[in-house]
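# Working through the structure, step by step
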Amino acid sequence: MAEVLSLVEARLRTALGEPDSRAAMTFVGTDRVEVLRFLDAGDRAEPGESPGPGGAGGAVVRYATLGMSARPMADPTVVVADPQRGPRAELVLSVRAGLADTDKVLRPLAVLAASPQVEGLVVAPGAALEVGEPLWPGAPFSSVLVAESGGLVADLELDAPLDPVRFLPLLPMTPNEAAWKRVKGAQALQERWLAHGTDLRDPLRGSVPLD
């Protein structure tokens, strides 16, 4: 487990640079989960994200979990989970810096990263994860859409029989968007965002038109 997490942190540092802060949290019955904070002065975007108005929007802060991939995620219907085989992932959230108190997202992210151990969830692209409260003070979002990996942080291959670690971007959803996604699906919502040039890293944005 420690070796996997060392490799995961090295991959994050290679892709995102040196973290400027980190926080560790432990929940009852789970392993420790850390959240690392990276400040990106550029304007790189994940696949499916708009780079912002005019292609630039200032600094972006990225939050990445570290600890979720220590154990494979297991189907909750399986009686005995395989301790080695199974999907592994970490979560990455990108928001524009300086517009809101987004550092308060550390605990909600850690809760989401612990959910496979606590609730038996298998977190995969297309899934919606509900936090149950604003992601940060004043945030118009209380849930996120899990996007495809392979963007800013490439998948990390591990020695067999271990599955690779996938770094899954999280895209904040307003309540209206989350309800629309439940009916129309994740792909339809992402297409709507792209069609309207939605800046998914704006921590204060409103809902995309859904009529």
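In case you missed it, the structure is sitting above this.
Quick look at the structure, then. Remember, it's a predicted structure, so these values are computed and weren't measured experimentally. Per chain, residues are indexed from 1 in the order of the written sequence. Totals for whole chains, interfaces and linings use every residue, but because this is a predicted model, local features are given only for residues with pLDDT of at least 70 and side-chain atom pairs only at 80 or more, for both listing and counting. Here the side-chain values reflect all heavy atoms present in the structure, with hydrogen atoms and water set aside.

### What to know about helix α1 (residues 2-16)
Counting from the N terminus, the helices are the DSSP runs of H or I reaching at least four residues and the strands are the DSSP runs of E reaching at least two. By definition here, a helix of n residues has an expected span of 1.5 Å times n minus one. Taking 1.5 Å as the rise per residue, α1 with 15 residues should run 21 Å; its terminal C-alpha atoms sit 21 Å apart, in good agreement. Under the scheme applied here, a residue whose accessible area is under 20% of the maximum for its type counts as buried, over 50% as exposed, and between as partly exposed, the area being computed with a 1.4 Å probe on protein chains only. Along α1, the residues classified as buried are Val4, Leu5, Val8, Glu9, Leu12, Ala15 and Leu16. What you see down the axis of α1 is that its buried residues fit within an arc of 130 degrees, all on one side. Exposed residues lying more than 90 degrees from the buried face of α1 are Ala2, Glu3 and Thr14. Note on contacts: a residue pair qualifies if any of its non-hydrogen atoms lie within 4.5 Å across the two residues. Buried residues belonging to α1 abut β1 (21-25), β2 (33-40), β3 (60-66), β4 (88-96) and β7 (165-173). Two residues or fewer after α1 comes Gly17, characterised by a positive phi angle close to 95 degrees. Relevant arc is that of directions from the helix axis to the C-beta atoms, nothing else.

### Notes on the packing of helix α3 (residues 175-184) against helix α4 (residues 186-195)
Lines are fitted to the C-alpha atoms to define the axes, a helix being fitted only along its stretch in contact, and any angle between axes, read from their N-to-C directions, falls within 0 to 180 degrees. Direction vectors running N to C along α3 and α4 enclose 130 degrees, while the axes themselves pass 7 Å from each other. In terms of orientation, α3 and α4 fall into the oblique class. Between α3 and α4, the residues in contact are Glu177, Trp180, Lys181 and Lys184 and Ala186, Ala188, Leu189, Arg192 and Trp193, respectively. A per-class count over the contact of α3 with α4 returns five nonpolar, no polar and four charged. Small angles under 35 degrees read as roughly parallel and large ones over 145 as roughly antiparallel, with 65 to 115 read as roughly perpendicular and the rest as oblique. Any residue that is not Ala, Val, Leu, Ile, Met, Phe, Trp, Tyr, Cys, Pro, Asp, Glu, Lys or Arg is counted as polar, Gly included; the first ten are nonpolar and the last four charged.

### Some details on the environment of Gln187
Tracing the sequence through the fold places Gln187 in helix α4. Along the sequence, Gln187 and Ala147 sit 40 residues apart, while their C-alpha atoms lie 9.7 Å from each other.

### So, the pattern of salt bridges
Every case where a carboxyl oxygen of Asp or Glu lies within 4 Å of a side-chain nitrogen of Lys or Arg is listed as a salt bridge. Summed over all chains, the structure comprises 13 salt bridges. The salt bridge partner of Arg37 is Asp103, with a shortest N-O separation of 2.9 Å. You can see Arg37 sitting in strand β2 and its partner Asp103 sitting in the loop between β4 and α2 (106-119), a full 66 residues away along the chain. The exposure class of Asp103 is partly exposed, given its relative accessible area of 34%. Each of the salt bridges in this network shares a partner with another, and the network as a whole consists of Glu9, Arg13, Glu18, Arg22, Arg32 and Glu34.

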